[in-house]
Amino acid sequence: GAGYLYMQLNESQNTIATVESQKSELQKSVVDLQFENQETTTALNVVRDSKNTVVTLGGQAVAPESFARIYWNQEKQTVYVDASGLPTPPEGKVYQIWSLKLVPALTPTSIGLLDNFNKNGQKIFAVEGTTGAEAFGITLEPKGGSISPTMDQLYALGKV
């Protein structure tokens, strides 16, 4: 009888361990889904905001098939980048967003980096706000960004 009870106790402990493991996996899945839902909601809010100026950036010589969109709310001074049309950057590289003034001379101002490109499922990134931009550009730069754009690594460009 004691042997039977000991086997039953071991089976119960194994069942409890299995259920706890499954519970932990389910909790992680719920957290991941909540995060993904939050990303999707943010993306929809950006796209649907009627006060946003949408600037389409076309691919350039280094990647003609590339494209991106800028959602610029001049009232709130917010800028979002939809980078879903850009290829995944190679290891040690990052996309850098530039606000450009064209007149009287081309003046680029960095407004942010697209860090964690692979971890952002929606590929919509918030960057720094800007005023008076006449165009936007996206270049591929060394990790950490550059002081000025590397023009031979210009992936996308678009005029406001």
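Above: the structure in question.
Keep in mind it's a predicted model, so treat the numbers as computed, not measured.

S.K.: Would you mind going over the overall build of the protein chain in detail, with residue names and values included?
M.R.: Each helix and strand in the protein chain was counted, giving one helix and eight strands. Helices and strands appear in the protein chain in the N-to-C order α-β-β-β-β-β-β-β-β. The C-alpha radius of gyration computed for the protein chain amounts to 24 Å, which surpasses the reference 15 Å derived for 160 residues by more than 25%, pointing to a less compact arrangement than a globule. Overall size of the protein chain, expressed as C-alpha extent along the three principal axes, is 95 × 35 × 25 Å. Within the span of the protein chain, comprising 160 residues, buried residues form 31% of the whole. Within the protein chain, residue pairs in contact and separated by at least 24 positions form 58% of the contacts whose partners lie at least 6 positions apart. About 10000 Å² of surface is accessible on the protein chain, with carbon and sulfur atoms providing 54% of the total.

S.K.: Tell me what's going on with the packing of aromatic side chains, and back it up with residues and numbers.
M.R.: All chains considered together, the criterion is met by four aromatic pairs. Pairing tryptophan 72 with phenylalanine 136 gives two aromatic rings, centres 5.5 Å apart and planes at 80°, and the pair type is edge-to-face. One end of the pair, tryptophan 72, is in strand 2 (residues 67-73); the other, phenylalanine 136, is in strand 7 (residues 135-142), with 64 residues separating them in the sequence. Of the two residues examined, tryptophan 72 and phenylalanine 136, each falls in the buried class. With a centroid separation of 5.9 Å and an interplanar angle of 15°, the aromatic rings of phenylalanine 117 and phenylalanine 125 are classed as stacked. The same class applies to phenylalanine 117 and to phenylalanine 125, which are both buried.

Conventions used here
Residue indices begin from 1 for each chain and proceed along its sequence in written order. Where totals are concerned, whole chains, interfaces and linings use all residues; where local detail is concerned, this predicted model gives features only for residues with pLDDT of at least 70, and gives and counts side-chain atom pairs only at 80 or more. Working from all heavy atoms in the structure, the side-chain values ignore hydrogens and water. A run of H or I in DSSP counts as a helix once it spans at least four residues, and a run of E counts as a strand once it spans at least two, with each numbered from the N terminus. As a reference, a globule follows 2.2 Å times the number of residues to the power 0.38, and the radius of gyration itself is taken over C-alpha atoms. The classification of residues rests on relative accessible area computed with a 1.4 Å probe and restricted to protein chains. Under 20% of the type maximum is buried, over 50% is exposed, and intermediate values are partly exposed. The contact definition used throughout considers only heavy atoms, calling two residues in contact when any of these lie within 4.5 Å. Residue-level accessible areas treat just the shown protein chains as cover; the underlying method is Shrake-Rupley with a 1.4 Å probe. Pairing of aromatic rings covers Phe, Tyr and Trp, the last through its six-membered ring, and needs centres within 6.5 Å; plane angles under 30 degrees mean stacked, over 60 mean edge-to-face, and all others mean tilted.

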